[in-house]
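So the chains spell out like this:
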Amino acid sequence: MAATMGVERWEGTDVSVGEIERHLADLRSAVDEGGMIRTSVLTHLAWVPPEWEERALETLAGMAERHPSRTIVLVPQPDAGGNGIDATLWLNAFPLPDSGRRVCSEVIELRLRGSLCRSPASIAAPLLIADLPVFLRWRGQPPFGQQQFEELVDLVQRLIVDSTEWPRLPAPYAQLSAIFHRAAVSDIAWARTTRWRRQLASMWPEIAGVRKIRVTGTAAQAHLLAGWLRSRFEKPIGLEHEDSERLIGVELDGEAAPFPPGDPPQPSDVLSEELDRFGRDPVYEAAVGATV
Amino acid sequence: MAVLEQNPLLEGLELARTPEPCALVIFGASGDLTRRKLFPAIYSLAYRQLLPARFAVVGVARTEWSDDEFRDDMESAVREFARDEFRQDVWDTLAPGVRYVSTEFDSPEGADRLSACLTELDEERGTRGNRVYYLAVPPDVFRLLVRQIGEQRAAEGWTRLIVEKPFGYDLTTARELNQGLHGHFAEDEIFRIDHYLGKETVQNVLALRFANGIFEPIWNRQFIDHVQITVGESLGVERRAGFYEQAGAIRDIFQNHLLQLLAVTAMEPPIDFTAESVRNEKVKVLRAMHTPGPKHIVRGQYGRGFVDGEDVPAYRDEEGVAPDSMTETYVAAKLFLDNWRWADTPFYVRTGKRLPRRETTVAIQFQRAPHPPFAEIAGEGLRPNVLIVHIQPNEGVSLEIGAKVPGHGMQIRTVHMDFLYGGAFRTGLPEAYERLILDAMLGDATLFTRSDEIEEQWAIVDPIVAAWRRDRPVFPNYASGSWGPKEANDLLERDGRAWRTH
Ligand SMILES: NC(=O)c1ccc[n+]([C@@H]2O[C@H](COP(=O)([O-])OP(=O)(O)OC[C@H]3O[C@@H](n4cnc5c(N)ncnc54)[C@H](OP(=O)(O)O)[C@@H]3O)[C@@H](O)[C@H]2O)c1
C-alpha cells in the first residue's frame, strides 16, 4: 500500500544503531518495485534540540527532494527518562519525471535520551554513507568546546549554522573563527545577506569611502555585513543596528542603498544552496573575523 | 573586465560569470528560433539573475511590429516555451530594455534606425556600446548582415557575433562564409552555435572522462571494442521541408551534432578547459577521421509506417517534399580515427528521422572478458560491458555489468548500474541556448565551433555526398518506426556486431 504513496515509515524505542540499517533495508524493499534509484549525494546530519524540532523538519521536508541524501536528525533529550535511543525512519520516494523511476531519500530521526546525548558522533558515524561528504546542520548556538559538538565537527566536512539563532552577538563569532581550519562553515545568516551584498557591490566604487553602516535586520546580518565591508576595504567601519526579523534596509553613511531585486529566498532554498558548496568560503571567514 | 577585477566587494559573490553590460541584437526576431528558443532562454537567464543589470534586447526583422507588439509576442513565447513559470517581476526587469526594428536587412535606412536605437539604449540602459549580434536568419542573408554589422561597429565597446547553423553547404561554401566573417571579425568574436555542445549531458561526457580516474586508462583501442553513437528522432520533417530537402540528414545532423559528439567522446584530454585547448583537441580528432569507403556509409529515407501507434506518411508524401525526392532522412556510417588511441576501433554512428523513439546516446562497448572461468556461460552467454551516456532523454550514465544470479551454479545476468542526472541533481537542466547565449556574452567560446573545426567537418562530409551522386538508391528504404534500412544492420553484421536497439 505504502509503495504507491512513496513513503514508508518505521518507529521503534530503545533501538541499537546496528538495527537501524536493517530496518531501512526492509523499508527499501517494501517500496521498491524495480526502478528505484538511490543516488545519494551526501549525508546530512542535523543536531536539533527539541525546541527547534518542528521548524527543522519543515525545512528538511522542502529539501529532501532536491538532494537525494540520507538525513540523520539527532534530537538530544538529556532530561528524558532513562538512557536510550528512540528512532523514527522514513523512506521517501520521489518520482522522476518521464522516466517511470523514483529516487529515494532516507530520514533517520534519533532521539537521544539521557547519557546518549554525550557522544553523538559514535552514534552517527556508523550511519554515514561511505565516501560521501557529510554536512552538519547545528540548530541554535553550538556549545563550542564541549565534547558533543567538537566530536561532530571532526566527523564532518561542513558545518552549517544560522548565527541568527545565536544570542549575545558578536562574541560567539570569535569562537566560530577557531574552527574554520577544522571544517568549512556555512552560515544561513550570511547566505541571507547575499542579495544585499550583491547590491552593495554594484554601488562600488562610489561607496569605497564608507565610514559607517546602518543595518535594519537581525543582529547576525548587521554584524556580518559590517564585518564584510571592514574586511573587504581593510579599514574600520562603524555599525549601527536596528533590530528587525528580516534584512530590510542598509544605509551607508546615512544614504539608503536601493532595495535589491527579487524575493528573499525560502529557508529550504537557502539550505539547499549551502549543500551544493564544498570548499571553505574565505570571504565569509574574513567577515566573521572582522565582526569583533 | 578591469572594473570587475578591482571591486573588492565582488569576491566570492559569484558575479564572475555575470557578463558586462551589453545589448543583444537578434536578426530574425520574428522567426521560429527566436520564439521557441532564444527568448525563453533569455527569460530563464533573467529568472536566475544571470544577465547583466544593464542589458537590452533589440529584435530585427521585416515583419511590421511596434516595440509593444514585439514585447507582447515575446511575452507569449516565454509563457508558452520557457522552462520556468512566468513571473511578472522578472519580465518587468527585461521588458523595458526590449526594442524592435522593422526593416529589410539590405536597407541602409533600416541599418541607420537600428544603429540609432542602439545608441539610444547605450544612453538609456548603459549598455556601453557592447553588442552581441545573433543571426537567427536564413543562410542566404548571412553575408549581407555580416558586412553590415562589420561596417557599423559602435565606436566603443566590443562586438560579438553568434552564427546559427547551417554553416555552409559544403567545404567551399563554408570556407567562403569563414572568409566573409574574417573580413570583418576576428575569430574570437565569432560564436558558431552547435547547440549540442550547450547540452549539459554533452559536457558531462567531458566530466565523466576527465574528472574520473578510472575511465581514461581504458578509453582506447585496447579495451574498447567499438563505439556507437545514435541521434534518433521520432519526428518526421515537420514544417522544415524547404530547408531539409536541400540539407538531408547528413547536413542537418551528421556534419555538426554527430561529429561533435564523436569528437567529444574520442578527443585527447585538453590541458585546460579554455576555448583554444578544447577546440585544438577536437580538431585533431576530426583530422584523424576517415571512412573506410562508400560501402560503409548507408543512407535511407523513411516510408510510411507507425510511430507511437500513429500511422505516419512517407517522407515523399510530406508537405513541401518532392514526390521523387532523393533526400536522405537517415545516415549510418562506420568511421575510423587514425591515431594511437583509436586505430582500428570502429565508431558506428547513425542518425535518422522517424525512428522508434527520440534518443541520443553514446555507447562505449568494451572488450569481452578474455576467458570466463565459468563453464555454464561459455561462448554466447557472456555479454560485454557497455557504458552508455544518455544525452537525451533520461539524461545520465549507465554501465552494463554481468552479475551472478543468486542461487546455486554460476548464472550471469547483465544488470544496469544507473546514474540518472535527475536522480542526483534535482534542479532542472538548463536549456542549451541559455548556456550558449550567456557564454557568448561572456566571450567564452569553449562550447562553440571554430572555423577549422567546421572546415574539417565538411572535409569529411563532402566525399560522402560526392559518392552519393553517382547512384540512385531505391527510396524509401525503411518504414517509419523502424531503426533504419536493412543495409545499416548489415554494416555492423559484417563485422560481427549489432546496433543497440534499446
Ligand atoms: N528553428 C530552429 O529550431 C532552428 C534550430 C537550429 C538552427 N536554426 C537556424 O536559425 C536560423 C533561423 O531559423 P528560424 O527557424 O527562426 O527561421 P524562420 O522562422 O524562417 O525565421 C527567419 C527570420 O529571418 C527574418 N528574415 C528573413 N529574411 C529577411 C530579410 N531579407 N530581411 C529581414 N528579415 C529577414 C524573418 O523575419 P520576417 O519574415 O519578419 O522578415 C524571420 O524573423 C536559420 O538559419 C536556421 O537554420 C533554427
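Before reading on, note that the structure itself is shown above.
Here's a quick rundown of the structure. (Residues numbered from 1 in each chain as written. Chains lettered and ligands numbered in written order. Predicted model: local features only at pLDDT ≥ 70, side-chain atom pairs only at ≥ 80, totals over all residues. Heavy atoms only, no water.)

**What to know about the pairing of strand S12 (residues 249–252) of chain A**
All names here are of chain A.
Reasoning step 1: Here 4 bridges tie strand S10 (residues 212–217) to S12, and the two strands are oriented antiparallel to one another. Paired with Ile213 across the two strands is Leu252, which belongs to S12.
Reasoning step 2: Inspection of the sheet shows S12 paired to strand S13 (residues 255–256) by 2 bridges, in the antiparallel sense. From the neighbouring strand, Leu252 faces S13, where its bridge partner is Glu255.
Reasoning step 3: Following S12, the chain reverses through 2 residues before pairing antiparallel with S13; Asp253 in that reversal takes a positive phi of roughly 50 degrees. (Pairing = 2+ DSSP bridges. Helix = DSSP H or I, 4+ residues; strand = E, 2+ residues; numbered from the N terminus.)

**Observations regarding helix H7 (residues 171–182) of chain B**
Residue and element names in this part refer to chain B.
Reasoning step 1: Its 12 residues give H7 an end-to-end C-alpha distance of 16 Å, which sits within 8% of 16 Å, the value for a rise of 1.5 Å per residue.
Reasoning step 2: Among all positions of H7, only Leu171, Ala174, Leu177, Asn178 and Leu181 are buried. The buried residues of H7 all sit within an arc of 125 degrees when viewed along its axis, so they share a single face.
Reasoning step 3: Each element contacted by the buried residues of H7 is listed here: helix H6 (142–151), strand S5 (159–163), strand S6 (190–192) and helix H13 (451–468). (Expected span 1.5 Å × (residues − 1). Buried < 20%, exposed > 50% of the residue type's maximum accessible area, 1.4 Å probe, protein only. Arc of directions from axis to C-beta. Contact = heavy atoms within 4.5 Å.)

**Description of the environment of A:Ala189**
Residue and element names in this part refer to chain A.
Reasoning step 1: Relative to the helices and strands, Ala189 is located in helix H7 (residues 188–191).
Reasoning step 2: Here the alpha-carbon distance between Ala189 and Leu225, two residues 36 residues apart in the chain, equals 10 Å.
Reasoning step 3: Not counting residues within four places of it along the chain, the set of residues in contact with Ala189 comprises Asp162, Ser163, Thr164, Ala220, Gln221 and Leu224.

**Details of the packing of aromatic side chains**
Residues and elements named next belong to chain B.
Reasoning step 1: The full count for this structure, using the stated rule, is 26 aromatic pairs over all chains.
Reasoning step 2: A ring pair is formed by Trp65 and Phe70, whose centres lie 5.9 Å apart and whose planes are at 35 degrees; its orientation type is tilted.
Reasoning step 3: For Phe70, a relative accessible area of 0% translates into the label buried.
Reasoning step 4: Ring geometry for Phe215 and Trp219: centres 6.3 Å apart, planes at 70 degrees, overall edge-to-face.
Reasoning step 5: By relative accessible area, which is 14% here, Phe215 ends up buried.
Reasoning step 6: On the basis of relative accessible area, Trp219 is assigned to the buried category, the value being 1%.
Reasoning step 7: An aromatic cluster of three or more residues is present, and its members are Phe39, Tyr43, Tyr47, Trp65, Phe70, Phe86, Trp91 and Tyr100.
Reasoning step 8: Over the ring of Phe86 we find Arg79, and its NZ or CZ is 3.9 Å from the ring centre.
Reasoning step 9: Seen from the ring of Tyr302, Arg354 lies directly overhead, with NZ or CZ sitting 5.9 Å from the centre. (Phe/Tyr/Trp six-rings, centres within 6.5 Å; stacked < 30°, edge-to-face > 60°. Lys NZ or Arg CZ within 6 Å of the ring centre and 35° of its normal.)

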